[in-house]
Structure formats: structure tokens, C-alpha cells
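The primary structure of each chain is shown beneath.
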Amino acid sequence: MERERKTDEVPPPHEQRECVVRVEAEHPNMQAGESMYLVQSRWWRQWQRYVSHDEYATPSSSPSMSMATSPTPSSPMGGRRVKPGPIDNTPLLESHGGLENGLENGLENGLENGRTHAEKVRLRSNLQEQYDYVIVHKSVWEALVAWYGGGPALVREVVLKGVQQVPTVEIYPLKLLVVRSSIAGRVEEVEFSSEATVGHVKTQLCKRFGLEEEEVRMWDYYHGSKYALLDQADRTLESARIMNEQKVLLEEKTNEQVEDTEEDNGDVLATSGGSTGDWLGSYSGGFKYGGFGAASEDAVIESKGQRGGLCGLSNLGNTCFMNSALQCLSHTDALVQYFSSKQYLGDINKDNPLGMGGELAKAFGALMEKLWKGGASSISPRNFKHKMARCAPQFSGYQQHDSQEFVAFLLDGLHEDLNRIKQKPYMEEKDNDCRPEEVIADEQWRYYCSRNDSIIVDNFQGQYKSTLICPVCGKHSLKFDPFMYLSLPLPSTKRVSIKVTVISTRGEAPPTKYCAQVPKQGTVDHLLGELGKLCGLKEDEALLLTEVYSGRIFKYFDDHSEALSAIKPNDILVAYRLPADKVDRAGKQYREAVIFHRKSERRKSYLSSERCEKSLFAAPLLVPLHPGSDDLDNELRHVEAAIEVALKPFVLPSEGAQHTNGAEGEMDTEETSENSARLHKSEPAYMICRTNQNGTTTEDFEVVEKSSGDVLRTIGGFFVGKPNPGIEYFALDWSNNADGKYDLELLESPRLHSSMEDALCAERDGKKPVTLQSCMECFLEEEELDKDDMWYCPKCKVHRQATKKLDLWRLPDVLVVHLKRFSFNRLWREKLDTTVDFPHDALDLSSFLNANAGKEKYIYDLYGVSNHYGSTGGGHYTAFAKLPESGKWYHFDDSRVSPVDVEEVKTQAAYLLFYQRRHSEGTEISEMEVDMLSNGV
Ligand SMILES: [Zn+2]
């Protein structure tokens, strides 16, 4: 046992986990230029299991009393967790001879210099994040290698991708499909880093094909058409928006070179062959019929005469997240009107640097048109997906993504593409002090609207107030922010309810079970603080938190900074109320006694003789022992007295009893002395027995009998075999006639404090479903900022752990509600399958609005739900959507569309909710608002 720590400073599993979680928390966002490392998923998952408390098996049946197998605190359930071997990344590699293969396919020319040898090891193609590998930070990789060894190291650089310059780990170099105008129908694959410049690529390609650079023009041959001339030599492929597996055309000079080019000319190559010289004619024909143009259209799969809005979207490989979100958005009434009337074409803002030059809006418009034209039972959103990938590479590829992230991106992208404001005014920020909130809110809203005006703002945007308060000087800071959707936490993601039985060591109160609400990210300290408030802990008292398992104290929570995540819902927690100065268990002079409760159980063995076995029950008592007495008699008397005190709450009033049972005993009152003496003499209610730390009496321990008098009898040597200096162990062997004198039931089922009936407690137990209302309350609840997210108080001039409070100020016509079922960082994902009870009809949010809303009603009806089935990292998305004119609900599962009953819409898979505000109420005020806005600044 003593030798188990000798293994080269590898921290214990939970410390490993904490270390990795900490590093990940310190680096929430990847930075361009950073190096990240790949770790094979299977190894990673084994490690996660190894270091994760979640995987503890809960004991299925009560373990036997056999002490040989009894758990000890250091190894809870034995060896269930398998320590992973060295890191093995070889399954990610193409083949065992990967080093040589890495230099094929033009890689040697395309990749930038300065990469390490190890990196040139070739990855298998089509690897997927999460499924095949996870990406870890450099320090995590280094720690894992130090602990486990193994490899090889697979380093990848973070590059900025897409219009929005999202930091992305470049797992693979870009694969370009090079087409030469002189050789029709042949496509060559060449790889380059997305950071390679256009000039570099052109030079390399010309070298490869033996062409003169001056004789060649290079085209972005997106969808088989001359999309854009690639003539800016210093642009990177990334900034030129060249996608993976995209075609690039090398146009070789012929006698009659046509100089003018037309951009954005979709089908020009296929139709204009005649005008551009002989070679192009034959060439375009070859492509046209070679199927190259087929992918450029959203293909209508089949025609069954379906009505508009009942058209499925086929899955293009893990695109159900997109299909689900698109179905919800495409059933938004305002968007249907706007796009089907082609009104959007007039709003396209080509010059907005934040937009996609209208590409996204046009692709969405085209898709909406097809979905609502009717006639098709499903279409393939291929074109839309391609455009999407060009605008937001984070959604490219064939991995599963989050429908919420997609909705957020799409709404934002559509807004920028359709922003009617061409010239954004600038306004100096004014001091918010000493002006009425309404004035500030209106001013900020107008300012926002003067810079942002689109169909998305008109319908989806609201405003909330965020207040920060300094805990020291009380400084208030007000901000009003626009929102496009509400991300509501499920109550259990923010706070957790932990049940703890508090047992008094001084016999002052019966054992009582409390339900403490604590921050999920909190520590034992948080729990003890909350518990102290609930049980009215006195100044000179402190709580000692323990975990009890089959009648024994299984774990002492000595480290108050321990994370509460270590506590599982089924753990039985007991906190002992001790004198404050006694709680420091490290202090030498302090001693405590653990008092087990034992019952005799008669068991008939089949050899016909009755055997008597003692079994532990209930949570042990804990009593403080005064330091100092080495005298045997004193010691025993002291233990007996302490037990008697601790047992006071369990004493039942004896028949005809007039006295209260004091610590000084029940034997000296004359009226009952006869009776009790008789009872005591016949059989005492309990015997005290010194025992080992498991509560089992062994030969080395002997019995101390509590008699009716004050004489304690001991047998044998009393101090033999003390297992743990500082803690004494005794057992109370309850006799069968104890029932009339002591309330033994109270030992096993403590009183329930009123906190046990709290809503969250009930919700957590599944007795009460979580309501949308309670999610909203949780979202708006005041909370303390995290220690690593402190606020700079302008008055104190230091960072403070401020309290933050959100209030809804202005609600949109279309309210998108995101239920935060996933807790993320890149490596640890958890999903909650909690059922959320949300109304499909008449959701009234009026009461959540600030008083400025006046008498206006905010009543919403559900029209769309994006569902997520399965666990994290994969799973399947579908959608429920309502047809506006019939009010009937349909299930959209990729290409399949089927009618459903409104009652079926509410499931525990619900992930995004789409609500439309009722127009009958409050129309005038909305119009007034519109007027006010259009006349405003
Ligand atoms: Zn302050």
C-alpha cells in the first residue's frame, strides 16, 4: 500500500483531469499561428473514462458485510478504471510506411517550409474530429506525453478561415482539382496549404505541367464555371476563398484569347462556347456532359405534387443539423413573404465588408423559392451548402455541427448581406450615469438601428439590459445589448441541488436532510456555506462533510476547495455539526469517535443452528472526544457520555415519562427508576463496543457493556489494535427492545427540511418537468461573475467579482429560444436530456419584460422546433414546423416529411424553439415603434 505512489510523479486521475480542464479553460479560443495537437479519439476516450468520476459504477446491491472486500476511501470501487497505455496515434496515419507517402502528390512543392519531419507523416483522408481524433492544446499534449508516453506527435497549425476569419486548425492541406483548358476532361489533384499564395500556386502548377507562366491564366473554377480570375499573386488561397476539393482552371493562351471576363456568370461556360474560340467550344461540351455542372443546382429529387413548405431536404452527409435549422427558418412567415416576393433582391448589400457580397442571401432566397414553389417532395440543398461553406468554412466538410450555431451564423450572415444601411453613422458613447434607463435604452436601440436595418433586425432582434454591480463600492454599470435569440440555461446546468443530511454531534437536533442549491462549478466550500445557512449553523460550530456508504464514513471532504463535480447524485452525504475548533482534523490534539449503528440479524443456516450476524445500518454518529484522558475508566465514561448526548434526539418519551432525558441519565428519577431499571437489567437498549474502522468486531476488540448503572465492564485489553490514531471507532449494538425507547427509524430516514421541496430539487428528481418559465428565470437570475471573468470597476479602479443581472427590455416578433443542452468546451461535451415543458400556444412573456413595455402583451405561438437526438458529438437533427395557413404540424427528417399531431411536438429532444408573436394584440404600438424608429436618429 505504501508503495503505490512511487510511479514517477504521474498525478492521480482527478488531478490529470483538472490539469487538462484548466489548460483548456485558460485557452478558450485558438489563436492563428498556434500549434495544436491531434490525439486519437479512442485513446482519448479511454483516458477520459480513467480520469472521470462520472464513470464510477454505482453499487447495484448492498455489498456484503464481509470485511475483506469492504471499500477503503482511497479506491472507491476497486479497479474499474483502466489506466490507458501510451498514446497511440498510428491509427490516424495512412499506412505504416507513411513517411514516404507524405511526399507524394505535389505536397513537397505546395507546403510551406519549416514544418517538422513528424508533421509530414500523412494522415488518413476523411478523418473526423471527435470521431477519429480530438484537438488538444500544446500544453495538454505535452502533459499527456509526459504521463503516458507514446505518439507520434501530430502538430497542426491554426489558420484564419472564411470571411469571418475563424481560427481553425488546418488538419489537411487544401486539395485542388486542377483542370487544364488544353486537356479536356482531365482533372489532377494537387495539395497546397490554404496559406499558400496564389502566385506560389500558379508557379508550382506551371512547373509541374511544363507551362510558361505568362501564357497561363488561373481561374477559380467554382462549380465548373469561370468564377473569378486568380490574378492577385500575394493573396492566400484562403483569402481568395478557394475551398477544399475545388476546381482551379489553368487557361492556356490560344491564338484568339478573349480578354474580357465576366464575373459571377454561373452558366457562361456551358452556353457561350461559340463566341470564345474553337477550343473552348469542345471543352465546354466535354464538361457540360461530363456531369460537372450537375452539382451547381439544388436538384429537385422527385415530384409528387407536394404543397409549398412541405418539401424535404436531402442529407448531403451529416447535414441534418443544417436541414433542421433551414426547415425552422424557412417556415418563418416574415421570411417566406420577403423571399418569395423577391423583395430581398432590392436589399442586397454587395459592399458590406461584414457580409458575403449577397452570395448567402441569394443562395437562401433560391432555396426558399424551391421549398415554397411546391411540387417537390424533397430537394437537395447542394448549392446552398457550397455557398455556405465558402462563407463559413467552419460548416464545411461532412461533420456533424450544431444547429444552433448554424442558425446564429445564418441569421447574422443574412442580416449583413441584406443590411439596408450603406453608410453607418458613428455615435460617441455617452455617460450613462444619471439619465433615466428608458432614455439610454431608446438611444442605444436607435443607434443600433441606424447602423443595422434588415429583415432580420425587423423580426428577430430584441434588446436586453445588463447590469453589473460592484460588490465593494456598489457602482452600477448599465448596458443595453441587442440579441437575435435567447440562449436559456437549463436550471440544472447553472446550479445543482445537493442533498445532505446534517447530524448534530451535541444532540441538539434530529438528523435533518437539506437540499442545498449551489453553483455547479462550485466547491465544497460553497456547499458548506449554503448548508450552514440552511441549518442555522452557529458561530462556534462548523460542518464536517463526509460521504457515507453502507453504514460507514467512506470519505472525508477535508479539502474545501474540492470541486462539487466530484459529487454524484446518488452519493449519500452527511455533514456533522461539530464545535468549530474541533473541525481541523489535522490538529494533533483533536480526537473524534465514529459510532457505527449495528443490528443483529438472525439467520438460519441450513445446518439448523441459528447464527447471529451484525450488520451496519444508518449513517454513523460522530462525537468529539475531549483530549487528554489516558485513564481507561475516564475514557470509557467519556465515550459513553458523548454517545448519550448525541443520541438525545432519538430518545422516545418513555411510557408515562414526565422527565426530559438529560445527559445525566434516565436512571435517577424515582417514578420511572423501577421500570427503567427493570428494563435495563433485562436487556439494555444498546451495547457499546469498540471496533475497527470497518465497524466489525475482531478478536482484538472487545465489548464494553452499557449497564443500568455507572459501571462499565470491560473485557480484555482495551487499547489493542487501534486502527487510526486520532479517530476512535465504536459500535452501538442495538438490541431488539430498543424500539420502544429510541426512534431508530429516525436514524435511517432523517427529517426532511423544507428545502427538500424546492422546485429545483423536484425537477432534478424528475418529479416536476423543467418549464420554459424556469429556464427563463434562471437566465435572468442575478449571478456572480466567475473569478476568471472579473469586471473592472471604474470607481474602485480594480477588477471585481461583480454580480451580473440580465433583464429583457424589448422582445422581437420572432423569438428564437435556444435550450442550452450542451455544455462545451472543445474536449468535454455533455448533453442534458431534461424534458423542458414549453407551450406551443400562447407563451406569455409579458411579465418578463421591463415595466417600460407598459400594458402591451407579448404572446407567442410556436411554429418550429429543431430537435437533437442522441448524445454529444454526433446524433441526429430533425425539425417540427407548422404550416402558416393550415396551422398543421409536420415532421421534417431530412428528405422525409410527415404530418404529426401538435402533442407530439414536445419532446426531450427539443433544442431550438421558434416562436411568432401574435399580431392581433399590440399591432398599433408596433407601428408606433416603427414610426419612431424611422424618424429617429
Ligand atoms: Zn467598485
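Residues numbered from 1 in each chain as written. Predicted model: local features only at pLDDT ≥ 70, side-chain atom pairs only at ≥ 80, totals over all residues. Heavy atoms only, no water.

Asker: Would you explain the overall build of the protein chain in this entry?
Answerer: In terms of regular secondary structure, the protein chain is built from 23 helices and 44 strands. Expressed as a percentage of its 937 residues, the buried residues of the protein chain come to 49%. Expressed as a percentage of contacts within the protein chain between residues at least 6 apart in sequence, the contacts between residues at least 24 apart total 72%. Accessible surface computed for the protein chain: about 45,600 Å², of which carbon and sulfur atoms make up 48%. (Helix = DSSP H or I, 4+ residues; strand = E, 2+ residues; numbered from the N terminus. Buried < 20%, exposed > 50% of the residue type's maximum accessible area, 1.4 Å probe, protein only. Contact = heavy atoms within 4.5 Å. Areas by Shrake-Rupley, 256 points an atom, 1.4 Å probe, with all protein chains shown as cover.)

Asker: What is the right way to look at the packing of aromatic side chains in this model?
Answerer: Remark: the centre distance and the inter-plane angle together describe each pair of aromatic rings, the angle taken between the planes. The tally for this structure, following the rule as stated, stands at 19 aromatic pairs. When the ring of Phe339 is compared with that of Tyr344, the centres are 4.8 Å apart and the planes differ by 40°; the resulting orientation is tilted. We classify Tyr344 as buried; its relative accessible area is 5%. Ring pairing ties together the aromatic residues Tyr338, Phe339, Tyr344, Phe364 and Phe384, which thus form one cluster. Taking NZ or CZ as reference, Arg917 lies 3.8 Å from the ring centre of Tyr858, over its face. (Phe/Tyr/Trp six-rings, centres within 6.5 Å; stacked < 30°, edge-to-face > 60°. Lys NZ or Arg CZ within 6 Å of the ring centre and 35° of its normal.)

Asker: Quick question: what am I supposed to make of the sheet that holds strand E15 (residues 462-469) here?
Answerer: Either a parallel or an antiparallel arrangement is found when strands of a sheet pair, and the pairing is made through backbone hydrogen bonds. As summarised here, the arrangement of the four strands in space is E16-E15-E34-E31, forming an open sheet in which the pairing is antiparallel. Each edge of the open sheet carries a strand with a single partner, namely strand E16 (476-483) and strand E31 (783-784). As paired elements, E15 and strand E34 (residues 803-810) share seven bridges and run antiparallel to each other. Residue Gln463 lies in a different strand from E34, and its bridge partner there is Arg810. Contacting E15, E16 and E34, helix H14 (residues 437-451) crosses the sheet at an angle of about 35° to E16. (Pairing = 2+ DSSP bridges. Axes fitted to C-alpha atoms, helices over the stretch in contact; angles between N-to-C directions.)

Asker: I'm lost on the coordination of the zinc ion in this one. Help?
Answerer: With distances of 2.2 to 2.3 Å, the protein atoms coordinating the zinc ion are Cys470 (SG), Cys473 (SG), Cys793 (SG) and Cys796 (SG). Every donor counted, the four donor atoms about the zinc ion form angles of 103 to 115° at the centre, which fits tetrahedral coordination. Each donor residue of the zinc ion belongs to the same chain, with the gaps between them written as C-x2-C-x319-C-x2-C. Placement of the pair is Cys470 in the loop between E15 and E16 and Cys796 in the loop between strand E32 (791-793) and strand E33 (798-800), with a sequence separation of 326 residues. Taking relative accessible area as the criterion, Cys796 reaches 21% and is therefore assigned partly exposed. (Donors = N, O, S within 2.8 Å, 3.2 Å for Na, K, Ca; no water. Tetrahedral: all angles 85-135°; square planar, octahedral: opposite > 155°, others 65-115°.)

Asker: Just checking my understanding: could you explain the confidence of the model for the protein chain for this structure?
Answerer: Close inspection of predicted coordinates is inappropriate for parts of the model with low pLDDT. In this model, the protein chain carries a mean pLDDT of 74, and residues with pLDDT of at least 70 account for 71%. Every residue in residues 698-724 scores below 50 in pLDDT, and together they form 61 contacts with partners more than four places removed in sequence or on other chains. (pLDDT = per-residue confidence, 0-100.)

Asker: Looking at this model, I keep getting lost on a negative patch on the surface. Mind explaining?
Answerer: Taken together, the side chains of Glu212, Glu213, Glu214 and Glu215 define an acidic patch exposed on the protein surface. Within the secondary structure, Glu213 sits in the loop between helix H6 (198-209) and strand E9 (216-220). (Patch = residues over 30% accessible without salt bridge, like charges linked within 9 Å, V, L, I, M, F, W, Y side chains within 5 Å. Salt bridge = Lys/Arg side-chain N within 4 Å of Asp/Glu carboxyl O. Lys, Arg positive; Asp, Glu negative; His and termini not counted. Charge placed at Lys NZ, Arg CZ, Asp CG, Glu CD.)

Asker: I'm lost on the environment of Lys882 in this one. Help?
Answerer: Mapped onto the elements, Lys882 comes out in strand E41 (residues 876-882). For the pair Lys882 and His331, spaced 551 residues apart in the sequence, the C-alpha separation amounts to 7.1 Å. Here Lys882 is in contact with His331, Asp861, Leu862, Tyr863, Gly887, Lys888 and Trp889, once residues within four sequence places are set aside.

Asker: How do you make sense of helix H10 (residues 333-340) when you look at a structure like this?
Answerer: Working note: α-helix, 3.6 residues per turn, so residues spaced by three or four point in the same direction. Along H10, the residues that are buried comprise Ala334, Leu335, Val336, Tyr338 and Phe339. Where the residues of H10 are buried, they touch helix H9 (320-330), helix H11 (359-373), helix H13 (403-417) and helix H15 (455-460). Lys342 sits one or two residues past H10 and shows a positive phi near 60°.

Asker: I keep staring at helix H12 (residues 382-391) and nothing clicks. Help me out?
Answerer: Where burial is concerned, most of H12 is hidden: eight out of the 10 residues are buried. Looking at H12, one finds that the buried residues are Asn383, Phe384, Lys385, Lys387, Met388, Ala389, Arg390 and Cys391. The inward-facing, buried residues of H12 contact E9, strand E11 (246-252), H9, H11 and H13.

Asker: What exactly am I supposed to notice about unusual backbone geometry here?
Answerer: Of all residues except glycine, most have a negative phi; of all peptide bonds, most are trans. Unusually for a residue other than glycine, Lys342 sits at a positive phi of about 60°. Examined against the element boundaries, Lys342 turns out to sit in the loop between H10 and H11. Positive phi outside glycine occurs at Asp894, with the angle close to 50°. Within the element layout of this structure, Asp894 appears in the loop between strand E42 (889-893) and strand E43 (896-900).

Asker: I tried to follow the packing of helix H1 (residues 13-26) against helix H5 (residues 138-148) on my own but got confused; where do I start?
Answerer: The geometry of a pair of packed helices is captured by two quantities: the angle between their axes and the separation between those axes. Viewed as axis vectors pointing N to C, H1 and H5 meet at an angle of 160°, and their least axial separation amounts to 9 Å. With respect to each other, H1 and H5 are oriented roughly antiparallel. Relative to H5, the crossing made by H1 is right-handed. From H1, Gln16, Cys19, Val20, Val23 and Glu24 reach across to H5, where they touch Ser139, Val140, Trp147 and Tyr148. For the contact of H1 with H5, the per-class residue count stands at six nonpolar, two polar and one charged. (Parallel < 35°, antiparallel > 145°, perpendicular 65-115°, else oblique. Left-handed = near helix turned anticlockwise from the far one by under 90°. Nonpolar A, V, L, I, M, F, W, Y, C, P; charged D, E, K, R; others polar.)

Asker: For this particular structure, what's the right way to read the pattern of salt bridges?
Answerer: When charged atoms on two side chains of opposite charge get close, those side chains can pair. Applying the stated criterion across every chain, the model contains 27 salt bridges. Of the charged contacts, one joins Arg420 and Asp458 as a salt bridge, the two residues approaching to 3.2 Å between their closest N and O atoms. Note that Arg420 is positioned in the loop between H13 and H14 and Asp458 in helix H15, a separation of 38 residues in sequence. Residue Arg420 is classed as partly exposed on the basis of its relative accessible area, which comes to 26%. Overall, the relative accessible area of 43% leaves Asp458 in the partly exposed class. When the shortest N-O distance is used, the salt bridge between Glu443 and Arg435 registers 3.1 Å. Since its relative accessible area comes to 25%, Arg435 is described here as partly exposed. Each of Asp347, Arg420, Asp453 and Asp458 takes part in one network of salt bridges that share partners.

Asker: I'm lost on the sheet that holds strand E7 (residues 174-180) in this one. Help?
Answerer: The strand order across the open sheet formed by five strands is E8-E7-E11-E9-E10, and the pairing between neighbours is mixed. A strand with exactly one partner marks an edge of an open sheet, and here the two such strands are strand E8 (183-192) and strand E10 (228-229). Note: E9 against E10, two bridges, orientation antiparallel. Paired with Asp220 across the two strands is Ala228, which belongs to E10. Contacts from H6 reach E7, E8, E9 and E11, with the element oriented near 125° to E8.

Asker: I would appreciate a short explanation of the environment of Lys906 in the present structure.
Answerer: Structurally, Lys906 can be placed in the loop between E43 and strand E44 (910-917). Residue class for Lys906 comes out partly exposed when judged on its relative accessible area of 34%. Along the backbone, Lys906 and Val865 are 41 residues apart, and their C-alpha atoms lie at a distance of 8.7 Å. In contact with Lys906, not counting residues within four places along its chain, are Val836, Asp837 and Phe838.

Asker: Could you clarify how one ought to interpret the side chain of Lys202 in this entry?
Answerer: For Lys202, the position within the fold is in helix H6. Despite its burial, Lys202 pairs with no opposite charge, the nearest such side chain being Glu213 at 5.1 Å. At 3.0 Å, the side chain of Lys202 forms a polar contact with the backbone oxygen of Val216. Excluding anything up to four places from it in sequence, Lys202 contacts Glu213, Val216 and Met218. (Polar contact = N/O pair within 3.5 Å; in protein donor to acceptor, adjacent residues only side chain to side chain.)

Asker: Got a minute to help me understand the pairing of strand E40 (residues 859-869) in this structure?
Answerer: In summary, the side chains of a regular strand alternate between the two faces of the sheet. In terms of burial, E40 is a largely internal element, 10 of the 11 residues being buried. Pairing between strand E39 (residues 843-844) and E40: two bridges, direction antiparallel. The residue of E40 that forms the bridge with Asp844 is Ile859. Strand direction decides the pairing type here: E40 and E44, joined by seven bridges, are antiparallel. If you follow Ser866 over to E44, its bridge partner there is Leu912.

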